[in-house]
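An overview of the molecular structure
What follows is each chain in one-letter form.
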Amino acid sequence: MPDPYQTLGVSKNVSADDLKAAYRKLAKKLHPDVNPGRKDIEQKFKEVTAAYDLLSDPDKRAKYDRGELDAQGNAQGFARGPDPFANAGGFRSSYRSAGAGAGSADPFSSFSEDLFADLFGAGRRRGAGSDRPRAKGADITYAMSVSFVDACLGTKQRVTLSSGKAVDVNIPPGTVDGTKLRLKGQGQSGMGDSGDAIVEITVLPHLYFTRKERDIYIEVPISLPEAMLGANIKVPTLNGAVAVKVPQGANTGSLLRLKGKGIPAQGATEAGDFFVRLKVVLPEKAEASLTEFIEKWAKKHHYDPRAKLGWDK
């Protein structure tokens, strides 16, 4: 696997915020949903995600920079030393021959338990009545990209852990960019409990929708006749297209509210709303008859839309 810094296009002294920004930019560009059927792009997306998984974890990043981990996060550069207990049997025999008679208590088991406790923080201390605290395994961070609509409505998405195990992650409705979901006990194994898997969510931007808290907004262009005379138009929402009535005399900036069509309700939290912001768009090339009509109309119906702004004071 290539160097993770090169994969993300960042320097080795990049800050955590700039690292995240670089990943999100690449993830939005390379996400499989944006590039359907492109296996080469999908592979690049996996490499970018794996690189961010390694470098976003401060401990992993430090170990990689020191050469203790390779680009895939695997340990490297450590030779296996001699077994410190290879002569344990000889030690035990020598101890017994030194005067421990039949039926005498053998302290070797206590010695080994204390040694393991000192090395690994586990096991029983000599004379202790309970186990010492066991070292918990490390948490492992994973990056996951979710579409705007799925983040709003909630979904389940599968992630493959470093162990090779695939698990379904429950993404609740209203999930925001940067949310971290914890999968308890799915991290690195330890002498005690296993660590957790932390899934950090990147919400991909939508082509038309924007979000403010639990409300969704969309800007919809309308024609001059639709604005002047009113009309029924179709508008996309989180749950598909719906019919919306444009009132007579609608103007750019007018808001139409679709109650309860935003982020779904959760418990005592009410559903958000869906707002349609209208934008009057003139024809690209106005006909002569329309221009003549406006000229005649303007002579008799002058109005200043900037009068209330007070710019001339």
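What you are looking at is a predicted structure, and each value in this text was computed from that prediction instead of being measured.

Let us look at the pattern of salt bridges. Where side chains of opposite charge bring their charged atoms close, a pairing between them can arise. The final tally for this structure, using the stated rule, is 12 salt bridges. With a closest N to O distance of 2.8 Å, arginine 38 and aspartate 40 form a salt bridge. For arginine 38, a relative accessible area of 41% translates into the label partly exposed. The salt bridge partner of aspartate 53 is lysine 60, with a shortest N-O separation of 3.9 Å.

Spatial strand order, E1-E5-E4: three strands in an open sheet with mixed pairing. Since the sheet does not close on itself, it has two edges, and those belong to strand E1 (140–146) and strand E4 (180–183), each with one partner. Strand-to-strand twist in this sheet, taken as the mean axis angle between neighbours without regard to direction, amounts to 25°. Contacting E1 and strand E5 (197–203), helix H2 (residues 16–30) crosses the sheet at an angle of about 65° to E5. With respect to the sheet, helix H3 (residues 39–55) is in contact with E1 and E5, its orientation differing from that of E1 by roughly 140°.

Quick look at the packing of aromatic side chains now. For the structure on display, the rule yields five aromatic pairs. Seen in terms of ring centroids, phenylalanine 148 and phenylalanine 209 are 6.3 Å apart; in terms of plane orientation they differ by 45°. Their pairing is tilted. Here phenylalanine 148 is found in helix H7 (residues 148–153), whereas its partner phenylalanine 209 is found in the loop between E5 and strand E6 (210–212), with 61 residues between them in sequence. By relative accessible area, phenylalanine 148 is classed as buried at 11%. The class of phenylalanine 209 is buried, set by a relative accessible area of 5%. Joined through ring pairs, the aromatic side chains of Phe148, Phe209 and Phe274 make up one cluster.

So, about the confidence of the model for the protein. Low pLDDT means the predicted atomic positions in that stretch should not be read closely. Here the protein shows a mean pLDDT of 79. Residues at 70 or above account for 79%. Note on residues 78–130: pLDDT under 50 across the span, and 38 contacts to partners over four residues away in sequence or across chains.

Our next topic: the side chain of aspartate 273. By secondary structure assignment, the location of aspartate 273 is in the loop between strand E10 (255–258) and strand E11 (274–281). Aspartate 273 gets classed as buried once you look at its relative accessible area, which sits at 9%. For aspartate 273, the side chain forms a polar contact with the main-chain nitrogen of glycine 260, separated by 2.8 Å. Filtering out sequence-adjacent residues up to four positions away, aspartate 273 remains in contact with Arg214, Asp215, Ile216, Arg257, Leu258, Lys259, Gly260, Lys261 and Gly262.

Here strand E2 (residues 155–160) pairs with strand E3 (residues 166–171) via six bridges, running antiparallel. Bridge pairing in E3 places glutamine 157 opposite valine 169. Taking the residues that link successive antiparallel strands as the turn, the E2-E3 hairpin has five residues, and the phi of glycine 164 there is positive, at about 95°.

As a further point, take the layout of surface pockets. For the largest pocket, the calculated volume is near 1200 Å³. What lines the largest pocket is a set of 37 residues, and nearest its centre among them are Asp53, Tyr142, Thr160, Leu161 and Ser162. When residues of the lining of the largest pocket are traced back to their parent elements, those giving at least two are H3, helix H4 (58–65), E1 and E2. No other element matches H3, which puts six residues into the lining of the largest pocket. Its residues assigned to classes, the lining of the largest pocket comprises 16 nonpolar, 12 polar and nine charged. Taken as a whole, the second largest pocket encloses approximately 630 Å³ of empty space. Of all the elements in the fold, those that place two or more residues in the lining of the second largest pocket are helix H8 (224–229) and helix H9 (288–300). Of the residues that constitute the lining of the second largest pocket, the class distribution is 14 nonpolar, two polar and no charged.

Moving on: unusual backbone geometry. Trans peptide bonds make up most of the peptide bonds, and negative phi angles are found at most residues other than glycine. Despite not being glycine, glutamate 213 shows a phi value in the positive range, around 55°. Mapped onto the secondary structure, glutamate 213 falls in the loop between E6 and strand E7 (215–223). For glutamate 213, a relative accessible area of 69% translates into the label exposed.

What counts and what doesn't
- Residues numbered from 1 in each chain as written.
- Predicted model: local features only at pLDDT ≥ 70, side-chain atom pairs only at ≥ 80, totals over all residues.
- Heavy atoms only, no water.
- Salt bridge = Lys/Arg side-chain N within 4 Å of Asp/Glu carboxyl O.
- Buried < 20%, exposed > 50% of the residue type's maximum accessible area, 1.4 Å probe, protein only.
- Pairing = 2+ DSSP bridges.
- Helix = DSSP H or I, 4+ residues; strand = E, 2+ residues; numbered from the N terminus.
- Axes fitted to C-alpha atoms, helices over the stretch in contact; angles between N-to-C directions.
- Contact = heavy atoms within 4.5 Å.
- Phe/Tyr/Trp six-rings, centres within 6.5 Å; stacked < 30°, edge-to-face > 60°.
- pLDDT = per-residue confidence, 0-100.
- Polar contact = N/O pair within 3.5 Å; in protein donor to acceptor, adjacent residues only side chain to side chain.
- 1 Å grid on protein atoms, 1.4 Å probe; cavity = no way out; pocket = protein on both sides within 12 Å on 5 of 7 lines; lining within 4 Å.
- Points joined across faces, edges and corners; volume = space filled by probe spheres on them.
- Nonpolar A, V, L, I, M, F, W, Y, C, P; charged D, E, K, R; others polar.

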